[in-house]
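What follows is each chain in one-letter form.
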Amino acid sequence: MASESKIRVRFAPSPTGQLHVGNARTALFNWLFARQKGGVNVLRIEDTDLERSEARYETQLIDDLKWLGLDWDEGPDVGGSYAPYRQSDRLEIYRSTADRLVQAQKAYYCFCTLEDLERDRQQALAENRQPIYSGKCRNLDPAEVQRRRHAGEAAAIRLKIPEHPIKFHDIVHGDVQFASESVSDPIIMRSNGVPVYNYVVVVDDAEMKITHVIRGDDHLSNTPKQVALYEALGLPVPEFAHLSTILGPDRERLSKRHGATSIANFRDMGVLPEALVNYLALLGWAPSGGARETFTPKELIKEFSLKRITPSPAIFDMEKLHWLNRHYIKQSPPERIHAIAQPFFTKAGLLPENPDAEIAQWFGRVVDLLAPYVDKLEQLPQRAAILFHFDPAAALANPENAEVLAGEKTGPVLQAFAAKIGNQFPVAPERFKEIMNELKTETGAKGKDLFHPVRIMLIGSHSGPEFDKLIPLLEEGSRLNLPEHVKSVRERVAGFMAARGQRS
RNA sequence: GGCGCUAUCGUCUAGGGGUUAGGACGUGAGAUUCUCAAUCUUAAAACCCGGGUUCGAUUCCCGGUAGCGCUACCA
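Attention in this report is confined to the structure presented alongside it. (Residues numbered from 1 in each chain as written. Chains lettered and ligands numbered in written order. Predicted model: local features only at pLDDT ≥ 70, side-chain atom pairs only at ≥ 80, totals over all residues. Heavy atoms only, no water.)

Right, let's get into the overall build of chain A. When helices and strands are tallied, chain A shows 22 helices and eleven strands. A globule of 504 residues ought to have a C-alpha radius of gyration of about 23 Å, yet chain A, at 32 Å, is considerably larger. Projected onto its principal axes, the C-alpha coordinates of chain A cover approximately 110 × 55 × 45 Å. Counting only residues that meet the buried cut, chain A has 49% of its 504 residues in that class. (Helix = DSSP H or I, 4+ residues; strand = E, 2+ residues; numbered from the N terminus. Rg over C-alpha atoms; globule rule 2.2 N^0.38 Å. Buried < 20%, exposed > 50% of the residue type's maximum accessible area, 1.4 Å probe, protein only.)

Structure (structure tokens):
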């Protein structure tokens, strides 16, 4: 008995595109539930929509799920005792099961053509009736059915929906009930012999002994048909948990229109998987008490509960994802962030394809300096512009800088600084500190009046990283053989003074 | 149109028949720093509307409204 009650869940995506955050959350909740309960997590590929399904999407799907840190015990790639796990490989099961249903008179052949159905629908609409299937083939004479089938007439197979209301229990929504009249007899096998989603999903879930169906609530309205199918099949109805929809800021279903929506998008932006997992977990679920925000996957497994899932739709909040991402960037070992950041620099043309140890080490320090301040790692090369792009003319033209540079003591500060740097290279951070102190006493400038002009001279902006980290990075960077030369302090000072001289 | 689901700060949410309705993101202010996107402190900010039940409803019930979903030989 105990072994029979083992929890089995499944994530059943269709390989018709990139893994979307909504589906990723569904996958995550299934995984959390299975891992917490010591159950079995199944990955099943729903590729009955032959026209839209593509094999390459299946590979991507698996990559994306793995990147998130999810895994499964049975699936197309790992096998399992209920194989195959790809619906296109299970067609025989669907056909024979459908035949059985017809024989048991739980389902029937329907000879209506698409045109017939469309006409009926239009008429129903015109007469203000509900456009549901009339059931006209439901009680055809068996002999006639036989004859027409032998004559080779195309026929779909429809399930008989029972006359009584269909009730089921949903863990997040409670008891749900549908009147029989609101559910028309659904087609389970198309006339071309290809089964329909609402049918295969039940056959597979039943066959694979799925105990808890955790999926998006866009399937809630389909559930009565599926429950009727379980009953027709004489199989136990699983528990359901329908997850709310994820919406965009305009309260419409989150889609590409809203920008990044696929897992691959987020990965490509430099969002860490644990940040995304943490964020997705918090979308529609909250721990008991609700006060905690950051969870490692292990902690999520411990705390997770289907019963605490919120039934209402949730708007995807990029800002909060950014906050979590910053949090995890700071938490991560630096080497890991270096490795993830490297391709962004390579792509921006700042880092060679195969950097030597010295260059890699220098870039690591650049990342250490800038990463705590970015929302996502893709912003790094742009932030690193203070090192790579030195444009004194633009710095002088900038109105905000101009204001600072117009200060009374600015001229003397810049002059004296330039004089003290002279031809020195490299400038040690200690020496820099001394120079600043000397400037303070010699010019009387202090604080902002002292530091801002110097920073504008060096990086073109009055705000930026601390000098004792910045200076060594400039000096050492200038020595490296990089695709984009980093100017040394000496070069920057000379360049700035020249541009300033020209201007006045 | 029919059916279904949903409704607490701008957003994610906690809570729940009597509470100063709590936390987080974001926003404002302050602190710190030469500066800053970091950090710390702090402030503003919410129970959709109408009935009913009740001594009392934001909480329970009903209705309305709005949003979303389903209503396919899509998944």
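Here the narrative resumes, following the displayed structure.
So, about the pairing of strand β4 (residues 156–159). What you see with β4 is no split at all: A156 and R158 on one side and I157 and L159 on the other are buried throughout. Looking at chain direction, strand β3 (residues 107–110) and β4 are connected through four bridges and run antiparallel. Its bridge partner lying in β4, A107 is registered against L159. Bridge count for β4 against strand β7 (residues 187–189) is two bridges, and the pairing is antiparallel. Paired with R158 across the two strands is I187, which belongs to β7. (Pairing = 2+ DSSP bridges.)

So, about the packing of helix α6 (residues 197–207) against helix α7 (residues 223–233). With their axes 9 Å apart at the nearest point, α6 and α7 run at an angle of 50° to one another. In terms of their interaxial angle, α6 and α7 are classed as oblique. Crossing handedness for the pair α6 and α7: right-handed. Note on element contacts: α7 touches α6 through Q226, L229, Y230 and L233, opposite Y197, N198, Y199, V201, V202, D205 and A206. Looking at the contact of α6 with α7, its residues break down into eight nonpolar, two polar and one charged. (Axes fitted to C-alpha atoms, helices over the stretch in contact; angles between N-to-C directions. Parallel < 35°, antiparallel > 145°, perpendicular 65-115°, else oblique. Left-handed = near helix turned anticlockwise from the far one by under 90°. Contact = heavy atoms within 4.5 Å. Nonpolar A, V, L, I, M, F, W, Y, C, P; charged D, E, K, R; others polar.)

A separate point is the protein's contact with RNA strand B. Around RNA strand B sit 66 residues, and of these C112, R190, N222, G284 and G464 come closest. In the environment of RNA strand B, a sugar or linking oxygen lies 3.3 Å from a nitrogen or oxygen atom belonging to the backbone of K320. Those elements that place two or more of their residues in the surface near RNA strand B are α4 (114–126), β6 (174–178), α6, β11 (314–315), α11 (318–331) and α20 (448–459). If one sorts the elements of the surface near RNA strand B by residue count, α11 sits on top with five residues. Within the surface near RNA strand B, the residues separate by chemical class into 22 nonpolar, 22 polar and 22 charged. (Near = heavy atom within 4 Å. Polar contact = N/O pair within 3.5 Å; in protein donor to acceptor, adjacent residues only side chain to side chain.)

Here the focus is helix α19 (residues 429–443). Compared with an ideal rise of 1.5 Å per residue, which puts 15 residues at 21 Å, α19 spans 21 Å between its outermost C-alpha atoms and is within 8% of the ideal. Listing the buried residues of α19 in full gives F432, I435, M436, L439 and T443. Buried residues in α19, looked at end-on, bunch into an arc of 100°, giving them a common side. Residues E430, K433 and T441 are exposed on α19 and point more than 90 degrees away from its buried face. Those residues of α19 hidden inside the fold are in contact with α18 (410–421), α20 and α21 (467–479). Note on α19: the residue one or two positions beyond its end, G444, has a positive phi of about 80°. (Expected span 1.5 Å × (residues − 1). Arc of directions from axis to C-beta.)

Everything listed here is a matter of coordinates, which is why it stays silent on function.
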